[in-house]
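Structure assessment
The residues making up each chain are set out below.
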Amino acid sequence: MDNVQETILEIDLKALKHNFKHLKSRLHNNTKFLAVVKAFAYGSDAAEVAKYLEQLNIDYFAVAYTYEGVALRDAGITTPILVLHPQPVSFDDIIKRCLEPSIYSQRVLDLFIASAEIHKQHNYPVHLKFNTGLNRLGFGQKDIPKIAEALSKTEAIKVTSLFSHLAESEVLDDTDFTKSQIESFTKIYKDVYATLSYKPFLHICNTSGIINYPEAHFDMVRSGIGLNGYGNDPEVNKHLKPIAALKTNISQIHHIKKGKSLGYNRAFIAQEDTRTATLPLGHADGIKRQYGNKKGFVTINNQKAFILGNVCMDMIMVDVTNIKCKEGDQAIIFDDKHTAEDLAGQVNSISYELLTAVSQRVKRVIRR
Ligand SMILES: *Cc1c(COP(=O)(O)O)cnc(C)c1O
């Protein structure tokens, strides 16, 4: 085993390619693929992931906030970038860096048209977001006449796509809600088409939508977690490979005598003589306090070593009483076999949360 020398997050680009190819194999040839690379590409490395996907001819990227799109442009990305949740304060940057805003309300529409006019734009690409049941962001069907009126008064912007977002595309024992969202979206786009002289393209599916609702792929799909190797379903996971592996090595071994305590607030009291390994990562690296007190575990020498006591800012201590190991040996927090989904499940969390929590303090190492 090649031991790591410090805490690192390895990103496996071959696994990324595998996931991309697999998800693409579920689409029609002419369905576009958008890679969601918000939040540092789910905690990995947005610039590296985007550069690699650009080489594989990805059609679109999406980020949540403007500065994430600016970072991709700074990294040399030229593919279109949809900004899912832009704030009006960043509209100048959006236009300067050729980013494409999601427009989700009349207020945002009016403000963006004003910005585009100030910047003397013509047919600046925007994407209209419709709410079909998530009730988070988006226009309603009733807003269409006002949207049409605003659009008819300006040449500064042009609607590139219409989209919506599914609330529970991974929930298979009740597909009615998702089907009703798809139906609402269909009514909405027909209404919008009736008001425009051109047809913006359509998209609604996230990763689980791609897998569970092939009839709703429309013109493009948007995948984030799937590209990262998680399919929100054990069957789907078999076809995907987690791209990120969080690894570290043992700083020190301690022997805690029966009755002695360990760590802050003495949260662990040894019921018997206990051997512990101290690891150089803590809640400031993304291992939240909920993982303490034997909820979370790492893998050392192929065995589970549970976290003892409270998670510290920069360290955790794990139980290696029955594990053969020494200082300097490797510990895996998650990888393609000991998955982030399994570890997150220990605290009723999900892969998304654990992956995106890995803080920028952790060195990213790209494996090609
Ligand atoms: C985050 C996000 C996605 C990606 O969802 P996954 O489940 O990670 O594939 C797609 N669309 C929107 C609007 C999002 O916010």
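Residues numbered from 1 in each chain as written. Predicted model: local features only at pLDDT ≥ 70, side-chain atom pairs only at ≥ 80, totals over all residues. Heavy atoms only, no water.

This next bit is on the layout of surface pockets. Space inside the largest pocket adds up to approximately 780 Å³. Around the largest pocket, the lining is made up of 33 residues, and of these Lys 38, Tyr 42, Arg 136, His 165 and Tyr 352 lie nearest the centre. Every element with two or more residues in the lining of the largest pocket is listed here: helix H2 (38-43), strand E9 (220-223) and helix H12 (351-357). Here the lining of the largest pocket gets four residues from one element, more than from any other, and that element is H12. A per-class count over the lining of the largest pocket returns 14 nonpolar, ten polar and nine charged. Domain assignment of the residues forming the lining of the largest pocket places at least three in each of domain 1 (31-228) and domain 2 (244-367). What lines the second largest pocket is a set of 14 residues, among which Glu 10, Asp 12, Ala 245, Lys 247 and Asp 336 lie closest to the centre. Put simply, the parts of the chain that give the lining of the second largest pocket at least two residues each are strand E1 (8-12) and strand E10 (244-249). Class assignment for the residues of the lining of the second largest pocket results in six nonpolar, no polar and eight charged. (1 Å grid on protein atoms, 1.4 Å probe; cavity = no way out; pocket = protein on both sides within 12 Å on 5 of 7 lines; lining within 4 Å. Points joined across faces, edges and corners; volume = space filled by probe spheres on them. Helix = DSSP H or I, 4+ residues; strand = E, 2+ residues; numbered from the N terminus. Nonpolar A, V, L, I, M, F, W, Y, C, P; charged D, E, K, R; others polar. Domains from an automatic or database assignment.)

In the UniProt entry, the feature "domain: Alanine racemase C-terminal" (unreviewed entry) is given for residues 243-367. Here residues 243-367 runs as 10% helix and 36% strand, with 10 Å between its end C-alpha atoms. (UniProt positions renumbered as here; feature names shortened; annotations may be inferred.)

Quick look at helix H3 (residues 46-55) now. Structural remark: α-helix, 3.6 residues per turn; residues separated by three or four positions point the same way. For H3, every residue scored as buried is listed here: Ala 46, Glu 48, Val 49, Ala 50, Tyr 52 and Leu 53. Backbone geometry just downstream of H3 places Asn 57 in the positive-phi region, at approximately 65°. (Buried < 20%, exposed > 50% of the residue type's maximum accessible area, 1.4 Å probe, protein only.)

With that settled, consider the pairing of strand E3 (residues 60-63). Neither face of E3 is open: one carries Tyr 60 and Ala 62, the other Phe 61 and Val 63, and all of them are buried. For strand E2 (residues 32-36) and E3, the ladder comprises three bridges, and the chain directions are parallel. Of the residues in E3, the one forming a bridge with Ala 35 is Phe 61. Where the polypeptide runs from E3 across helix H4 (residues 66-74) and back to strand E4 (residues 81-83), its parallel neighbour, the crossover connection is right-handed. (Pairing = 2+ DSSP bridges. Right-handed = clockwise from strand over helix to strand, strands pointing away.)

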